[in-house]
Amino acid sequence: MKGEGNMENTVQKPLLQTSLLRMAWPIFIELLLQMLVGNIDQIMLSHYNETAVAAVGNANQIMTILILTFNVISLASTILISQYLGAGDTHSVSQIYTLSALVNLLVSLALSCGLFFLAQPILQMMKAPAELWPEATAYLRITALSLPFQALMLTFSAFLRAHARMLIIMLSTGFINLVNIVGNTAFINGLGPLPQMGAAGAALSTTICRIIGMLLLLWAFYRAVPGEKLRASLLRPFPTKLLKRLLGIGLPSGGEGLSYNLSQAASLVFVNIIGTYAVTTRMYSAMFAQVCYMLITAVAQAGQIRVGYCIGARDFDRAVEENRRILRTFLPVTAAIAAVMWLFAGQLYGLFSADPRVIALGRQVLLIEIFLEIGRSFNIVLVRNLQAVGDVRFPVLVGICSQWIIGVGLCYIFGIVLNWGLPGMWLAFALDENLRGAIFLVRWKKGDWRNIKTV
């Protein structure tokens, strides 16, 4: 016991003495760069043709949902590793490394095969305009081949993040983006002897950068993280209880995000009904909104790790203070960024489109986005921290009900039945985010999570 206490002190204190901002800013840059890996395809395709932009917008909605399945294990890994490190149990940490990598690899191989053969039927089910099918199908089939590399990239990133190695992840992601930009330049419009490939070229570039990214993070994991790494012997005898813990945390935790993105895919069906210009506006609007989303997500991820360490050490009051500090400091920041984007909406949309319908529609959407970001900030921070303290089922139950009843249901009523179009749909999303934020705030303040058994 004495040895464990010493290990707890050496593992836990350095991380909690690191400022929240110092942990969060590399995550923010990393998430921003990750967003660019997908969005840079659409940005560069906007100079190729707008059909390709809309095609990749539909395809990326599908890819996002599939990639979220890897977060089931990756997110649970980060939570459990931080708790076990806080408790001083390094053997369980080493088992999580091997188990998580194996599970995500097997899942990604299955999804890769399924997406390759079912790409076009999925697009038809989403009611994507027929003129988008050829380019969207090509993009999906090529990027399907990159799913195993993306899965392992997310897995090793989760390991590094739990050890507060955020700077390494950020630098790796930055390099990946440079590779993607060079690849897009070469493959989309053709460079030298290379033919013009359009959306297929963007997909090929994305696949190459994910392979390189996986290798970089694997190397960083072995160089920067102490202790035992990936070894098959760590799974003998097979750690069934640990797998159950991973799934017990990961399925509900990942389920909340998966439900959200499935609801967004369902709402995209309604946007597709309006027409290609609305799909394009939605894609650009979501891209701009992701700046706010990435900022609060970065802070929430850093806070979740810190709260996880506090819970592992049974320091509940410190966990409450960490949560309060995040909301008090960063909620006004995200709302202010959303307001600035609305003020400069014409210039922002004008960077990517000359269609006056897109610019006018985008300005209306970004006004509603200010209200939406307030609710989303509460959501992201509180859901992450509820997961960190072990309250994983409540957020996903609330999320599923609100996202589908309020988000998708009102999206259809406001956007299609009342004919308010894309602004009406955005209003439905804003109501969903704010309702969930209020519910999670009440849940956190009640404090029942203090009685949940963790590691």
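Look a little higher up for the structure.
## Considerations on the overall build of the protein chain
Within the protein chain, the secondary structure is distributed over 15 helices and 0 strands. Whereas a compact globule of 455 residues would reach a radius of gyration of roughly 23 Å, the protein chain reaches 22 Å, a difference of no more than 12%. Principal axes of the C-alpha set define a box for the protein chain whose edges measure 70 × 50 × 35 Å. By sequence separation, contacts in the protein chain at least 24 residues apart represent 83% of the contacts at least 6 residues apart. Element-wise, carbon and sulfur atoms account for 68% of the exposed surface of the protein chain, whose accessible area totals about 18,000 Å².

## Concerning helix α11 (residues 316–343)
Working note: α-helix, 3.6 residues per turn, so residues spaced by three or four point in the same direction. The end-to-end C-alpha distance of α11 is 41 Å, a good match for the 40 Å that 28 residues give at a rise of 1.5 Å each. Phe330 marks the point of greatest bend in α11, at about 35 degrees, and the proline Pro332 comes within the next four residues.

## Observations concerning the pattern of salt bridges
All chains considered together, the criterion is met by 13 salt bridges. For Arg306, the salt bridge is made with Glu322, and the minimal N-O distance between the two is 3.0 Å. Of the two residues, Arg306 is situated in helix α10 (residues 276–312) and Glu322 in helix α11; the sequence distance between them amounts to 16 residues. The pair formed by Arg306 and Glu322 is uniform in burial state, with each residue classed as buried. Shared partners join several salt bridges into a network, and the residues in it are Arg306, Arg318, Glu322 and Arg325.

## Re the packing of helix α5 (residues 133–144) against helix α8 (residues 199–224)
Put simply, α5 and α8 touch, their axes get as near as 8 Å, and they point 15 degrees apart. Judged by the angle between their axes, α5 and α8 are roughly parallel. You can see that α5 and α8 cross each other, and the crossing is right-handed. Mapping the contact onto sequence places Glu135, Ala138, Tyr139, Ile142 and Thr143 in α5 and Ala199, Ala200, Ala202, Ala203, Leu204, Thr206, Thr207 and Arg210 in α8. Here the contact of α5 with α8 is composed, by residue class, of 8 nonpolar, 3 polar and 2 charged.

## Topic: helix α13 (residues 356–388)
Given a rise of 1.5 Å per residue, 33 residues ought to cover 48 Å, and the 45 Å separating the end C-alpha atoms of α13 matches this to within 8%. The largest bend along α13 reaches roughly 35 degrees and is located at Ile370. For α13, the tally of buried residues reaches 24 of 33 residues, placing the bulk of the element in the interior. Following α13 by one or two positions, Gly390 has its phi on the positive side, about 100 degrees.

About the thresholds
- Residues numbered from 1 in each chain as written.
- Predicted model: local features only at pLDDT ≥ 70, side-chain atom pairs only at ≥ 80, totals over all residues.
- Heavy atoms only, no water.
- Helix = DSSP H or I, 4+ residues; strand = E, 2+ residues; numbered from the N terminus.
- Rg over C-alpha atoms; globule rule 2.2 N^0.38 Å.
- Contact = heavy atoms within 4.5 Å.
- Areas by Shrake-Rupley, 256 points an atom, 1.4 Å probe, with all protein chains shown as cover.
- Expected span 1.5 Å × (residues − 1).
- Bend = angle between axes of the 7 residues up to and from the residue.
- Salt bridge = Lys/Arg side-chain N within 4 Å of Asp/Glu carboxyl O.
- Buried < 20%, exposed > 50% of the residue type's maximum accessible area, 1.4 Å probe, protein only.
- Axes fitted to C-alpha atoms, helices over the stretch in contact; angles between N-to-C directions.
- Parallel < 35°, antiparallel > 145°, perpendicular 65-115°, else oblique.
- Left-handed = near helix turned anticlockwise from the far one by under 90°.
- Nonpolar A, V, L, I, M, F, W, Y, C, P; charged D, E, K, R; others polar.

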